[in-house]
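Okay, here's what each chain looks like letter by letter:
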Amino acid sequence: MESTLKALRDGESVLDLSPRSIVSGGVEDVYGEDCATEDQLVTPWNFSVASGYSLLRDPQYNKGLAFTEKERDAHYLRGLLPPTVTSQTLQEKQWINNIRQYQVPLQKYMAMMELQETNERLFYKLLVENVEELLPVVYTPTVGEACQKYGSIFKRPQGLYISLKEKGKVLEVLKNWPERSIQVIVVTDGERILGLGDLGCQGMGIPVGKLALYTALGGVRPSACLPITIDVGTNNEKLLNDEFYIGLRQKRATGQEYSELLQEFMTAVKQNYGEKVLVQFEDFANHNAFELLAKYGTTHLVFNDDIQGTASVVLAGVVAALKLIGGNLCDHTFLFLGAGEAGTGIAELIALEISKQTKKPIEETRKKIWLVDSKGLIVSSRKDSLQHFKKPWAHEHDPVDSLLNAVKVIKPTVLIGSSGVGKQFTKEVIEAVTSINDKPLIMALSNPTSQSECTAEEAYHWSEGRAIFASGSPFDPVEYKGKVYYSGQANNAYIFPGFGLGLVISGAIRVHDDMLLAASEALAKQVSEENYKKGLTYPPFSDIRKISANIAADVAAKAYELGLATRLPRPQNLVKYAESCMYSPVYRNYR
Ligand SMILES: NC(=O)C1=CN([C@@H]2O[C@H](COP(=O)(O)OP(=O)(O)OC[C@H]3O[C@@H](n4cnc5c(N)ncnc54)[C@H](OP(=O)(O)O)[C@@H]3O)[C@@H](O)[C@H]2O)C=CC1
Ligand SMILES: CC(=O)C(=O)O
Ligand SMILES: [Mg+2]
C-alpha cells in the first residue's frame, strides 16, 4: 500500500497494479480506501491537473457532452462520455426543458444549484439567456424558501462558513478557499434573511444567490466571487431544534464577542485580498448593519446592499415614475411603512437627491418624507426612544397609530413598503392613497412574495387601475377591466451587480453616496418609452447586462471624478471598457 501511495506521489504509473485478494477478504484498491478497516487512516487523494474523470467533475471546466472529439483525445475523456458531441446551445435547451417540467419552485432551485455545482458555464449561460424566467428561481422568492429549508436540502457546501469556532483563525479559513484573487465578497450573518427573519447559518443561500447575480447580471468572473456566512448562532428556536440545521446550535453571540469576530474577519479580508476587494454586507439585522457600514466604510471598500443598493434602485424607480405621475421629486410626499435598513436608506438617498436638485439643506428636504414603524408614525415626541437611524425622520406631528391614519393625515403621493411584513397595504390603505392621487406610486418592496405589502393584483384592483406599482419580488401581469397591467421589480438586483462591477473596473477603494446617485440615474435613464407605455418604471431584466455595463461605467466615472479610483489611466470609453471586462459564459476550447 505504502509503495502504491509513493508511486502516486512520485507521478509513476499505477495502472498496471492489478487488484489482489487480501487476507480480510475483498480486493485491494490502489488508493487504500476500501481495504482500510474503519479505525485505520486513509489518505484523501486528489489529482491536481484537471483531466479525464476529474475534469468532468470540475464545475469550472466541465462541458459534459460538449467536449469535442479533439478534447476527448487530449484530456483522457475517451470512454468517460457517450459518443455524442453536442453544443452548449443544445445543452441549454435540454436544461431549460427539464427545469420547466418541475412544478415546485424549490425543485427548480435545486436543479439550478446542481448545475452550478457541475457545469458552471452552462449554469451562467442558462441564467443569462433566460434571466426573467430563472431570476425568481435562483433569487427572490425561491431563494427564501431554500434558506428556510437549507439544512434538509443540503447536499454540497457552497461558499465559506466562518463560525465562532474559527475565532482567532479567520485568516487561515480564508486561505482554505481555493481561489486567490477575489474581487467581490457577499457576506451575511443570517439574522435578517429577506423578510423571513433569523435563519442563522442557513442564510448562506443569499450570498450564493447574490453572487450568482454578480456574475450573470454584472459579469464579474465566478472565480472572483466569494460567498461568506458568519455563524454566530441563531435565535431561531425552530432551527435550533431542527435535526437537519447546519449551523452552530447556540443563541446569537452579541456585543464584544460579535464585534471581535467581525473585526477579525474584516482585517483578514484586507490582509488576504488587499484594499480593493469589495465587501457587500447583506441581510444583517439593522442593529448591526448601520454600525458595520459606518465602522468599515472609512477603512474598507464596503457596501450595504439593503441600505444603499435598495436606496439607489428605489430612487431610480421614483425618478422614472415622475414621467407617469408628474411633478419633480421635490413636489412629492413620501410615506414609508418600515423604518429599518431599506426604509431609512431609501429615505436618506431621496432626501439627498432633492437637496442636490433644490440646493436646500438635507435637514429641510427630509421633511417631505415620513416613516411608520411598528409603533406608528415616527414623530418628534418619540425621538428619545428611537434607534439612531430613525431620529432624522422624527418630524413635528401629533402621534399617529396606524398606516391607514398616517395616509389620511400625511397625504402621500408615494407609498413605499419596507416592513418585511406581508399584506399591510390593505384595501383601505390603497383606497385612501388613491383618493388623494390621480396616479399613486405604490412600491411594495418586502421579500419574498409572502412578505410583500400587497400583490400586483391588489394594487391594480383596489386603485381601479390607477396605481403605478412595483414590487421587490416579481408578479405576473394583471388583467383588470380588459386592460393588462405590468408591474416593475423594484429590487436591488438592478443595482448591485453593475455597481460592484464599476467599483472593480475602476479599482475604487471606497464607496461614496454620489456613486449611489450615479447608479440610480444610470438605471432611470434605461427606462424606454416602450416601458413607460406599459406603465413600467424599470427596464426589463432581459436587458440587464447592458444596463449593468451602463451603471458600471457611471459608477466608475464617479470614482475617477472623486479621486477614489486606482486603475490608471482612466479608460476613455467606460461603457465599452465595462463590457470588455464582463465574463462570458460561452465554453472555451481546451488545448
Ligand atoms: N426590494 C428590495 O430590493 C429590498 C427589499 N427589502 C425587504 O424589505 C424588508 C425590510 O428590510 P429591512 O429594512 O432591512 O428590515 P428592518 O428589520 O431593518 O426594518 C423593518 C422595519 O419594518 C418595521 N415593521 C415591522 N413590522 C411592522 C408592522 N407590522 N407595521 C409597521 N412597521 C413594521 C420595523 O419596525 P420597528 O423598527 O418598530 O421594529 C422596522 O422599522 C424585508 O422584507 C426585505 O426583504 C430589503 C432590501 C432590499
Ligand atoms: C432584495 C434584498 O436584498 C432583500 O430583500 O433583502
Ligand atoms: Mg438583502
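Not measured: the values here are computed from a predicted model.

**Describing the UniProt feature "binding site: a divalent metal cation" (unreviewed entry) in the protein chain**
Now for step 1: In the UniProt entry, the feature "binding site: a divalent metal cation" (unreviewed entry) is given for E282, D283 and D306. A maximum C-alpha distance of 6.8 Å is found for the annotated residues, which run over 25 residues; spatially they form one tight group.
Now for step 2: Mapped onto the fold, E282 is located in the loop between β4 (278-281) and α14 (286-296).
Now for step 3: Once you skip the residues sitting within four places of it in the chain, E282 turns out to touch V186, V187, T188, D189, I206, K210, D305 and D306.
Now for step 4: Looking at the secondary structure, you find D306 in helix α15 (residues 305-325).
Now for step 5: Residue contacts for D306: discarding those within four places in its chain leaves R192, F281, E282, D283, E341, A342 and N492.

**Focus on the pattern of salt bridges**
Any two side chains of opposite charge can pair, so long as their charged atoms come close to each other.
Now for step 1: Taken as a whole and assessed by the stated rule, the structure comprises 28 salt bridges.
Now for step 2: The shortest N-O distance in the salt bridge between R192 and D306 comes to 3.1 Å. Here D306 lies in helix α15 and R192 lies in the loop between β2 (184-188) and α11 (205-216), a separation of 114 residues in the sequence.
Now for step 3: Classification of D306 by relative accessible area gives buried; the value is 5%.
Now for step 4: One salt bridge in this structure joins R510 and E275, with 3.3 Å as the shortest N-O distance. With R510 in the loop between α21 (496-506) and α22 (513-525) and E275 in the loop between α13 (255-273) and β4, this residue pair connects regions lying 235 residues apart in the sequence.
Now for step 5: For E275, a relative accessible area of 33% gives the class partly exposed.
Now for step 6: Overlapping salt bridges, with partners in common, bring together D189, E191, D198 and R252 in one network.

**Re the packing of helix α4 (residues 88-101) against helix α6 (residues 120-129)**
Now for step 1: The N-to-C vectors of α4 and α6 enclose an angle of 70°; their axes lie 10 Å apart at closest approach. Classified by the angle between their axes, α4 and α6 sit roughly perpendicular to one another. Once α4 is placed against α6, the crossing between them reads as right-handed. Residues Q88, T89, Q91, E92, W95, I96 and I99 of α4 pack against R121, L122, K125, L126 and E129 of α6.
Now for step 2: When the residues that make up the contact of α4 with α6 are grouped by side-chain class, the tally is 5 nonpolar, 3 polar and 4 charged.

**Observations regarding the coordination of the magnesium ion (ligand 3)**
Now for step 1: On the protein side, the magnesium ion (ligand 3) has E282 (OE), D283 (OD) and D306 (OD) as donor atoms, found 2.1 Å from it.
Now for step 2: All donor residues of the magnesium ion (ligand 3) come from one chain, and their arrangement in sequence is E-D-x22-D. Within this pair, whereas E282 is found in the loop between β4 and α14, its partner D306 is found in helix α15, the two being separated by 24 residues in sequence. Each member of the pair, E282 together with D306, is buried.

**Thoughts on the packing of helix α5 (residues 105-118) against α6**
Relative orientation and spacing of two packed helices are given, respectively, by the angle between their axes and the distance between those axes.
Now for step 1: Two elements in contact, α5 and α6, have axes separated by 5 Å at closest approach and are oriented at 135°. Here α5 is positioned oblique relative to α6, judged by the angle of their axes. Residue-level inspection shows M112, M113, L115, Q116 and T118 of α5 in contact with α6, the latter providing E120, L122, F123, Y124 and L126.
Now for step 2: Looking at side-chain class alone, the contact of α5 with α6 contains 7 nonpolar, 2 polar and 1 charged residues.

**A word on unusual backbone geometry**
Now for step 1: Between T140 and P141 the backbone carries a cis peptide bond, its omega angle lying at 10°.
Now for step 2: The linkage connecting L568 with the following residue, P569, adopts the cis geometry, with an omega of 0°.
Now for step 3: When you line up the elements, P569 lands in the loop between α24 (544-561) and α25 (574-581).
Now for step 4: Even without being glycine, Y76 reaches a positive phi, approximately 60°.
Now for step 5: By secondary structure assignment, the location of Y76 is in the loop between α3 (69-74) and α4.
Now for step 6: Positioned with a positive phi, K411 is a non-glycine residue whose angle comes to about 55°.
Now for step 7: On the basis of relative accessible area, K411 is assigned to the partly exposed category, the value being 49%.

**Describing the UniProt feature "domain: Malic enzyme NAD-binding" (unreviewed entry) in the protein chain**
Now for step 1: Here the UniProt-annotated "domain: Malic enzyme NAD-binding" (unreviewed entry) positions come out as residues 307-560.
Now for step 2: Within the segment residues 307-560, helix and strand shares are 44% and 12% respectively, and the terminal C-alpha atoms sit 24 Å apart.

**A look at the environment of P105**
Now for step 1: As for its placement among the helices and strands, P105 is situated in helix α5.
Now for step 2: By relative accessible area, P105 is classed as partly exposed at 38%.
Now for step 3: Between the C-alpha atom of P105 and that of P136, which follows or precedes it by 31 residues, the distance is 8.7 Å.

**Digging into the sheet that holds β2**
The strands making up a sheet are joined through hydrogen bonds of the backbone, oriented either antiparallel or parallel.
Now for step 1: If you trace the 5 strands from one edge of the open sheet to the other, you get β1-β3-β2-β4-β5, paired in parallel fashion. At either margin of the open sheet sits one strand with a lone partner, and together these are β1 (160-163) and β5 (302-304). On average, adjacent strands in this sheet sit at an angle of 25° to one another, irrespective of strand direction.
Now for step 2: As paired elements, β2 and β4 share 4 bridges and run parallel to each other. Within β4, the residue paired with V184 across the bridge is L278.
Now for step 3: α15 rests against β4 and β5 of the sheet, and its axis sits at about 70° to β5.

**Here's the deal with the site of ligand 1**
Now for step 1: Surrounding ligand 1, one finds 28 residues, the nearest of these being R192, N286, A339, S374 and K390.
Now for step 2: Here an oxygen atom of ligand 1 and a side-chain polar atom of R192 are 2.8 Å apart.
Now for step 3: Between ligand 1 and A490 there is a distance of 2.9 Å, counted from a nitrogen atom to a backbone nitrogen or oxygen.
Now for step 4: Starting from 930 Å² of accessible surface for ligand 1 in isolation, the protein chains cover 85%.
Now for step 5: Elements with a contribution of two residues or more to the shell around ligand 1: α15 and α16 (341-358).

**Considering the site of ligand 2**
Now for step 1: The environment of ligand 2 is formed by Y139, R192, L194, K210, E282, D283, D305, D306, N447, N491 and N492.
Now for step 2: The contact in question runs from an oxygen atom of ligand 2 to an N or O atom on the side chain of K210, over 3.0 Å.
Now for step 3: The contact in question runs from an oxygen atom of ligand 2 to an N or O atom on the side chain of D283, over 3.0 Å.
Now for step 4: Out of a free accessible area of 210 Å², ligand 2 has 91% covered by protein chains.
Now for step 5: For the shell around ligand 2, the per-class residue count stands at 2 nonpolar, 3 polar and 6 charged.

**What to know about the confidence of the model for the protein chain**
Now for step 1: Averaged over all residues, the pLDDT of the protein chain equals 94, while 93% of them reach at least 70.
Now for step 2: Under a pLDDT of 50 for its full length, residues 1-28 has, in the predicted model, 29 contacts with residues more than four places off or in other chains.
Now for step 3: For this predicted complex, the interface score ipTM comes out at 0.99, while the overall pTM is 0.93.

How each quantity is defined
- Residues numbered from 1 in each chain as written.
- Chains lettered and ligands numbered in written order.
- Predicted model: local features only at pLDDT ≥ 70, side-chain atom pairs only at ≥ 80, totals over all residues.
- Heavy atoms only, no water.
- UniProt positions renumbered as here; feature names shortened; annotations may be inferred.
- Helix = DSSP H or I, 4+ residues; strand = E, 2+ residues; numbered from the N terminus.
- Contact = heavy atoms within 4.5 Å.
- Salt bridge = Lys/Arg side-chain N within 4 Å of Asp/Glu carboxyl O.
- Buried < 20%, exposed > 50% of the residue type's maximum accessible area, 1.4 Å probe, protein only.
- Axes fitted to C-alpha atoms, helices over the stretch in contact; angles between N-to-C directions.
- Parallel < 35°, antiparallel > 145°, perpendicular 65-115°, else oblique.
- Left-handed = near helix turned anticlockwise from the far one by under 90°.
- Nonpolar A, V, L, I, M, F, W, Y, C, P; charged D, E, K, R; others polar.
- Donors = N, O, S within 2.8 Å, 3.2 Å for Na, K, Ca; no water.
- Pairing = 2+ DSSP bridges.
- Near = heavy atom within 4 Å.
- Polar contact = N/O pair within 3.5 Å; in protein donor to acceptor, adjacent residues only side chain to side chain.
- Areas by Shrake-Rupley, 256 points an atom, 1.4 Å probe, with all protein chains shown as cover.
- pLDDT = per-residue confidence, 0-100.

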